[in-house]
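# Overview (structure and organization)
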Amino acid sequence: MLSNLTAILLLALSLDVYGVCLKKINLKTILSTAWECEDGSISYDQPSGTSNYEGLCGPTAAANVFHAYCQRKFIEVQDVAEKYFYDITPGVRPDSMERGLNKLFENNPECIDGEWKYYYVDNRWAFLDSLFHELRRGHGHLTRNLEDGGKAKRSPVLVLLRTNGKNLHWVTVVDIVGHQPGTKDKWAYLKAQCQVIYNESGNQTSEDCSSFVRKAEEVNDHWYTQLTLPPYVHLVFEKK
């Protein structure tokens, strides 16, 4: 098994590792492993799946946002996977993620009173605008340390991507930078300063907006997802 540092170095060959997550958090009685990133967010390691096709990226992402919206509390990924996020398909469907997150938050009084909602849009510009606005709602307990030395409150969003050409994968988006919502320049998302920052598998990565939106678009670009999944799937938390 690769160490957290080794995984970060390998990932850096293809993507820009934005704020490394090297501080291992002592969870004491919890078996899950979580890391504190330089920006103040946390990123859980993804445990091994329960079968050859059933990964645990969905419950891992759920644990990330639980920390952000539930008084910075930690939970056991395997436990919530079995209790809240099981369905018969490989991975966790968006409707199962929505239902599981809402039940998880309802059953834990330390969580903010609100509701997780499953959204999708029909184009990349609306998707980036949605991420920008949802991340800046101001809900939750995550205040990010920014590269310029400032701080900003962010409300993490879960996004479904297609990675490695075929696998569907949930990530926890903690920020988007270099994007101007409603811009008349339709190709601004291709510029290098437009970056999506997300946490997964104990790491934090900054990815070009152009690459990120392509992965979000391609979730329905396969024979077994074309009829069941729309592009640009994201789950957002709305406070009551």
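## Some thoughts on the sheet that holds strand β3 (residues 42–44)
Taken in spatial order, the three strands line up as β1-β2-β3 in an open sheet, and their pairing is antiparallel. Each of the sheet's edge strands pairs with one partner strand only, and the pair in question is β1 (23–24) and β3. Relative to β3, strand β2 (residues 34–36) runs antiparallel, the two being bridged by three bridges. If you follow W35 over to β3, its bridge partner there is S43.

## Digging into the pattern of salt bridges
Using the criterion set out here, one finds 13 salt bridges in the structure. Residues R137 and E134 are paired through a salt bridge, measuring 2.4 Å at the closest nitrogen-oxygen approach. On the accessibility criterion, E134 (11% relative accessible area) is buried. Between E238 and R137 there is a salt bridge whose closest N-O contact spans 3.7 Å.

## Comments concerning the state of the cysteines
Taken as a whole and assessed by the stated rule, the structure comprises three disulfides. Here C21 pairs with C37 through a disulfide, and the sulfurs are 2.0 Å apart. The chirality of the disulfide connecting C21 with C37 is right-handed, given an S-S dihedral of about 90 degrees. Taken as a pair, C21 in the loop between α1 (4–11) and β1 and C37 in the loop between β2 and β3 lie far apart in primary sequence, 16 residues in all. Among the residues examined, C21 registers a relative accessible area of 0% and is labelled buried. The class for C37 is buried, based on a relative accessible area of 4%. The partner cysteine of C194 in its disulfide is C209, sulfur to sulfur 2.1 Å. The disulfide joining C194 to C209 has a torsion of about -85 degrees about its S-S bond and is therefore left-handed. Note that C194 is positioned in the loop between β8 (167–177) and β9 (195–200) and C209 in helix α6 (residues 209–217), a separation of 15 residues in sequence. A single burial state applies to C194 and to C209, both of which are buried.

## Overview of the confidence of the model for the chain
Scored by pLDDT, the chain has a mean of 88; 87% of the residues are at 70 or more. Taken element by element, the predicted model of the chain shows its lowest mean pLDDT in α1 (43) and its highest in β9 (98). Predicted confidence is poor over residues 1–15, with pLDDT under 50, and the contacts of this stretch with residues over four places away or in other chains come to 22 contacts.

## As for the side chain of T172
If you trace the backbone, T172 turns up in strand β8. Among the polar contacts listed, one links the side chain of T172 to the side chain of N64, at a separation of 3.1 Å. Once residues lying within four places of it in the same chain are set aside, the contact partners of T172 are A61, N64, V65, P156, V157, L158, I197, Y198 and N199.

## Concerning α6
For α6, the full list of buried residues reads C209, S211, F212, V213, K215 and A216. Where the residues of α6 are buried, they touch α5 (124–135), β7 (157–163), β8, β9 and β10 (203–208).

## Some details on the nonpolar core
Judged by nonpolar contacts, the single largest core of 38 residues is most densely connected at Y69, F85, L101, F105 and W170. If you list the elements that add at least two residues to this core, you get β3, α2 (57–69), α3 (77–84), α4 (94–106), β7, β8 and β11 (234–239). At eight residues, the largest contribution of residues to this core is made by α2. Once residues lying within four places of it in the same chain are set aside, the contact partners of F105 are V65, F66, Y69, C70, C111, I112, W116 and F237.

## Focus: the packing of α5 against α6
For the pair α5 and α6, the least separation of the axes is 10 Å and the interaxial angle reads 105 degrees. If you check the angle between α5 and α6, you find them roughly perpendicular. Taking contact as the criterion, the partners of R124, F127, L128 and L131 in α5 are, on α6, C209, F212, V213, A216 and E217. Considering only residue class, the contact of α5 with α6 consists of seven nonpolar, no polar and two charged.

Rules and cut-offs
Residues numbered from 1 in each chain as written. Predicted model: local features only at pLDDT ≥ 70, side-chain atom pairs only at ≥ 80, totals over all residues. Heavy atoms only, no water. Pairing = 2+ DSSP bridges. Helix = DSSP H or I, 4+ residues; strand = E, 2+ residues; numbered from the N terminus. Salt bridge = Lys/Arg side-chain N within 4 Å of Asp/Glu carboxyl O. Buried < 20%, exposed > 50% of the residue type's maximum accessible area, 1.4 Å probe, protein only. Disulfide = S-S within 2.5 Å. pLDDT = per-residue confidence, 0-100. Contact = heavy atoms within 4.5 Å. Polar contact = N/O pair within 3.5 Å; in protein donor to acceptor, adjacent residues only side chain to side chain. Core = buried A, V, L, I, M, F, W, Y, C linked by side-chain atoms within 4.5 Å. Axes fitted to C-alpha atoms, helices over the stretch in contact; angles between N-to-C directions. Parallel < 35°, antiparallel > 145°, perpendicular 65-115°, else oblique. Nonpolar A, V, L, I, M, F, W, Y, C, P; charged D, E, K, R; others polar.

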